[in-house]
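Residue-level structure breakdown
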Amino acid sequence: MPVDFQKLAVEGVRELQPYQPGKPIEEVAREHGLDPASIIKLASNENPLGPSPKALSAAREALSELALYPDGNAFLLKNALSERFGVGADQITLGNGSNDVLELAARTFAGPGAEVIFSEYAFAVYPIATRAVGASGVAVPAHEWGHDLDAMAGAITERTRLIFVANPNNPTGTAVDRATLVAFLDRVPERIPVVLDEAYCEYMTDPAYPDGLALLRDYPNLIVARTFSKAWGLAGLRVGYALSSPEIADLMNRVRQPFNVDNVAQAAATAVLDDADYLAESRQVNEVGRAQLMAGFGQMGLATIPSHGNFVTVDTGRDANDVFEAMLSDGVIVRPLGGYGMPRHLRISVGLVHENERCIAALGRALGVAS
Ligand SMILES: *Cc1c(COP(=O)(O)O)cnc(C)c1O
């Protein structure tokens, strides 16, 4: 009898659905016989500007050290983060992308028998990180596509060990304001860590929206997760970080792989923190492009969810997978959201003006409406 490895896998892993990433350009080129250079990818909320020149030159320099292990304690990067955010180096946990940080939080605080709370339509990594450690996910129904923090607080039980809140949320772009978040944090018992995932915080402009960092002092159970993948333009290098109390950081660092952020990534992330112009341009390009996409979709009569991130989620009014396929053959990669329980929606990342134009035109063609 051949061994049935399905039965040997731990329970949480057996029932996992793998994360579905945005389709890579090379794959679409192969499958559709297209020139890769003609394809635009607006599927993974990447920064359309490409990397900052400062990050690029620091990364190039770090290449000469590839034979050496990175600084496992990332002294320079932690120093730079400390200075920028006014936190101690002992409050920082670095991750191989902030995805890593989310998993570290789950491994540190949840396990078999534990419950982990997150919202319906929230980031797909939360249920994966939860089940992988043998805990059960509690997906709380959303309110107007966003987090219903009242209902999430109401879902807390004795077994709750961790809560994930994405602000703004991916894939819906919704955000909770400061008063609502604070009222929620006040209701969460201090024994339950709350991961506030701020992957898109650099794009937030409305002063009514909270800066998780400012809440750390009042909430010792708060873990603010951030990333260099979005506004900072380093998705390919995989760097993220958590800011928390020193006690929580100490625990999360115990389960962290000793060299989870490589030396090229450390160098580029350290350098980009100094590139204020790059960040300002990222924000500017995003504001303009997001308005352009919203207007284009609106003109086609499509409903969009108001977004605080670098993407727009649009209701195509039909099976979005078909629309996604039609756009692919036009060389435009977007993200269908069937896996999130939103079968009619596409999530479209904000690109450069000419990319947004092409995307709007391709969507119009796919839907058979004038754009
Ligand atoms: C993109 C994203 C992340 C993390 O991305 P990394 O590249 O792993 O840093 C985390 N949370 C949300 C909500 C995201 O959209």
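Let me sum up the structure you'll find in this document. (Residues numbered from 1 in each chain as written. Predicted model: local features only at pLDDT ≥ 70, side-chain atom pairs only at ≥ 80, totals over all residues. Heavy atoms only, no water.)

1. A short note on the site of the ligand
Defined as follows: Definition of nearness: a residue and a molecule or strand are near each other if at least one heavy atom of the residue lies within 4 Å of the molecule or strand. Think of a polar contact as two N or O atoms within 3.5 Å of one another; within protein, one of them needs to be a possible hydrogen donor and the other a possible acceptor, and neighboring residues in sequence only count if both atoms come from side chains. Note on areas: these come from Shrake-Rupley sampling with a 1.4 Å probe, and a residue is covered only by the protein chains present in the view. The classification used treats Ala, Val, Leu, Ile, Met, Phe, Trp, Tyr, Cys and Pro as nonpolar, Asp, Glu, Lys and Arg as charged, and all other residues, Gly among them, as polar.
Taken together, G97, S98, N99, F123, N170, D197, A199, Y200, T227, S229, K230 and R238 are the residues near the ligand. In this structure, D197 approaches the ligand through a side-chain N or O atom, which is 2.6 Å from a nitrogen atom. Contact between the ligand and Y200: an oxygen atom at 2.6 Å from a side-chain N or O atom of the residue. In the complex, 94% of the free accessible area of the ligand, which totals 380 Å², lies under the protein chains. Along the lines of polarity and charge, the residues of the shell around the ligand split into three nonpolar, six polar and three charged.

2. Concerning the packing of aromatic side chains
What describes a pair of aromatic rings is the distance from one ring centre to the other and the angle between the planes of the rings. Using the following cut-off: Aromatic rings from Phe, Tyr and Trp, with only the six-membered ring used for Trp, were paired whenever their centres fell within 6.5 Å, and each pair was classed as stacked if the ring planes differed by under 30 degrees, edge-to-face if by over 60, and tilted otherwise. In this text, helices come from DSSP runs of H or I with a minimum length of four residues, and strands from runs of E with a minimum of two, each type numbered from the N-terminal end. Only protein chains enter the calculation, and the probe is 1.4 Å; a residue is then buried if its accessible area is under 20% of its type maximum, exposed if over 50%, and partly exposed in between.
Across all of its chains, the model carries nine aromatic pairs by this definition. Between Y121 and W145 the ring centres are 5.0 Å apart and the planes differ by 45°, which places this aromatic pair in the tilted class. Of the two residues, Y121 sits in the loop between β3 (115-119) and α7 (125-132) while W145 sits in the loop between β4 (136-140) and α8 (149-154), which places them 24 residues apart along the sequence. Note on Y121: relative accessible area 16%, which makes it buried. Looking at W145, the relative accessible area reads 29%, which means it is partly exposed.

3. Focus: the pairing of strand β5 (residues 160-166)
Selection rule: Only when DSSP finds a minimum of two bridges between them are two strands counted as paired. By definition, the crossover connecting two strands over a helix is right-handed if that path, from the first strand to the second, turns clockwise as seen with the strands pointing away from the viewer.
Most of β5 sits out of view: six of its seven residues are buried. Both β3 and β5 contribute to a ladder of three bridges, which runs parallel. The residue bridging V116 from the neighbouring strand is L162, located in β5. With four bridges joining them, β5 and strand β6 (residues 194-197) adopt parallel strand pairing. The partner of V165 across the bridge, within β6, is L196. What joins β5 to β6 is helix α9 (residues 178-187), and the crossover it makes is right-handed.

4. Section: the sheet that holds strand β13 (residues 342-349)
In plain terms, the rule: Only C-alpha atoms enter the line fits that serve as axes; for helices the fit covers just the stretch in contact. Angles between N-to-C directions range over 0 to 180 degrees. Contacts are assigned to residue pairs with any non-hydrogen atoms lying within 4.5 Å of each other.
The four strands are arranged β9-β10-β13-β12 in an open sheet whose pairing can be described as antiparallel. Only two strands of the sheet have a single neighbouring strand rather than two, namely β9 (303-305) and β12 (335-337). Neighbour-to-neighbour, the strand axes of this sheet turn through a mean angle of 35°, independent of strand direction. Bridge analysis of β9 against strand β10 (residues 311-315) gives three bridges, and the strand direction is antiparallel. Its bridge partner lying in β10, I305 is registered against T313. Contacting β9, β10 and β13, helix α13 (residues 276-299) runs over the sheet at an angle of about 10° to β10. Contacting β12 and β13, helix α14 (residues 320-329) runs over the sheet at an angle of about 35° to β13.

5. Some remarks on the pattern of salt bridges
The cut-off we apply is this: By salt bridge we mean one thing: a side-chain nitrogen of Lys or Arg within 4 Å of a carboxyl oxygen of Asp or Glu.
The final tally for this structure, using the stated rule, is 12 salt bridges. For the salt bridge of K7 with D4, the shortest nitrogen-to-oxygen distance reads 3.7 Å. A residue is classified by how much of its surface remains accessible, and K7, at 63% relative accessible area, is exposed. D4 gets classed as partly exposed once you look at its relative accessible area, which sits at 35%. Linking R254 and D250 is a salt bridge whose minimum nitrogen-to-oxygen distance equals 2.7 Å. A residue pair is termed a helical-turn pair when its members lie 3 or 4 positions apart in one helix, as R254 and D250 do in helix α11 (residues 246-255) at four residues. With a relative accessible area of 60%, R254 lands in the exposed category. Residue D250 is classed as partly exposed on the basis of its relative accessible area of 39%. Where salt bridges share partners, they join K23, E27 and E31 into one cluster.

6. Observations concerning the nonpolar core
Put simply, the test is: Each nonpolar core is a collection of buried residues, namely Ala, Val, Leu, Ile, Met, Phe, Trp, Tyr and Cys, held together in the definition by side-chain atoms within 4.5 Å.
Grouped together as the largest cluster of nonpolar side chains are 53 residues, with contacts concentrated most on L77, L81, I163, F184, L222, F228 and L243. If you look at the next biggest cluster of nonpolar residues, it comprises 31 residues, including F118, A225, M252 and Y340.

7. Quick notes on the side chain of R256
With respect to the helices, strands and loops of the structure, R256 is situated in the loop between α11 and α12 (263-272). Among all residues touching R256, those that are not within four sequence positions of it are G72, T93, L94 and L104.

8. Digging into the sheet that holds strand β8 (residues 240-243)
Taken in spatial order, the seven strands of this open sheet run β2-β8-β7-β6-β5-β3-β4, and their pairing is mixed. The open sheet has two edge strands, β2 (92-95) and β4, and neither has a second partner. On average, adjacent strands in this sheet sit at an angle of 20° to one another, irrespective of strand direction. Sheet strands touched by α11: β2, β7 (222-227) and β8. Its angle to β2, the strand with the most contacts, is close to 30°.

9. Focus: the side chain of T172
Here T172 is to be found in the loop between β5 and α9. Of the polar contacts made by the side chain of T172, one reaches the backbone oxygen of W145; its length is 3.1 Å. A polar contact is formed between the side chain of T172 and the side chain of N169, at a distance of 2.9 Å. Leave out the neighbours within four places in its chain, and T172 touches Y121, W145, I305, P306, F311, T313 and M342.

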